[in-house]
Amino acid sequence: MKTAKAVNLGVIFLLELGVLAGVWYCAWKSASHWGPLLGLAGAVGLGWLWGLFGSPRARFKVRGAARVAFETLWFGAGAVLWYVAGAHVWAIAFAGLCVLSKTLAHIWRQ
């Protein structure tokens, strides 16, 4: 069971990075010459929000329903951005993996 919990924490970390990558990729696919720069700015902004509210060492600890709402918006934004960028299958897989992994994290109190 320890191994499964450790793997799940690793998957959650990769999903967090997937949200940031989705921001950059969506901006890059926008066909604007400012796309990569806007994507980088968006990823930095979302990373900053995650650092303030979502990370284990967050400055402002969010618990309960507020935590569920924040993570739903965070990971949902990642799935939507991948979908908007045209990576429909990846977006659906990303959303499904988020739901599975976060459900396991809740059950295992991670």
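For the structure, check the block above.
Residues numbered from 1 in each chain as written. Predicted model: local features only at pLDDT ≥ 70, side-chain atom pairs only at ≥ 80, totals over all residues. Heavy atoms only, no water.

Asker: Residue-level account of helix α1 (residues 2–28), with values.
Answerer: Here α1 is 27 residues long and its end C-alpha atoms lie 39 Å apart, about the 39 Å a rise of 1.5 Å per residue gives. Restricting attention to buried positions, one finds in α1 the residues N8, I12, L15, E16, G18, V19, G22, V23, C26 and A27. Looking at the buried positions of α1, the neighbouring elements they touch are α2 (35–54), α3 (64–84) and α4 (88–107). (Helix = DSSP H or I, 4+ residues; strand = E, 2+ residues; numbered from the N terminus. Expected span 1.5 Å × (residues − 1). Buried < 20%, exposed > 50% of the residue type's maximum accessible area, 1.4 Å probe, protein only. Contact = heavy atoms within 4.5 Å.)

Asker: I'd like to hear about the state of the cysteines, residue by residue, with values.
Answerer: Here, disulfide denotes a covalent bond that connects the sulfur atoms of two cysteines. Tallied over the full model, the rule gives zero disulfides. Looking at the unpaired C26, the closest cysteine sulfur is the one in C98, lying at 16 Å. Take C98: its relative accessible area is 6%, and that puts it in the buried class. (Disulfide = S-S within 2.5 Å.)

Asker: Any chance you could break down the nonpolar core for me, citing the residues and the numbers?
Answerer: If you look at the biggest cluster of nonpolar residues, it comprises twelve residues: L15, V19, W50, F70, W74, F75, A79, W82, A87, A91, F94 and C98. Among the elements that line this core, the one with the most residues is α3, at five residues. Sequence-distant contacts of V19, that is, excluding residues within four places in its chain, are made with L46, W74, F75, G78 and F94. (Core = buried A, V, L, I, M, F, W, Y, C linked by side-chain atoms within 4.5 Å.)

Asker: Describe unusual backbone geometry, with residues and values.
Answerer: Its identity is not glycine, yet R109 carries a phi of approximately 55°, on the positive side. Note that R109 resides in the segment after α4. Accessibility expressed as a relative area gives 77% for R109, which makes it exposed.

Asker: Please set out the pattern of salt bridges residue by residue, giving values where relevant.
Answerer: Under the defined criterion, the tally for this structure stands at two salt bridges. Across the salt bridge formed by R67 and E71, the nearest N and O atoms sit 2.7 Å from each other. Of this pair, R67 and E71 both sit in helix α3, four residues apart, which is roughly one turn of the helix. In this structure, the salt-bridge partner of E71 is K102, at a minimum N-O distance of 3.0 Å. Separated by 31 residues along the polypeptide, E71 in helix α3 and K102 in helix α4 bring together distant segments of the chain. Of the residues examined, E71 reaches a relative accessible area of 11% and is grouped as buried. Judged by relative accessible area, which is 23%, K102 ranks as partly exposed. Each member of the salt-bridge network shares a partner with another, and the members are R67, E71 and K102. (Salt bridge = Lys/Arg side-chain N within 4 Å of Asp/Glu carboxyl O.)

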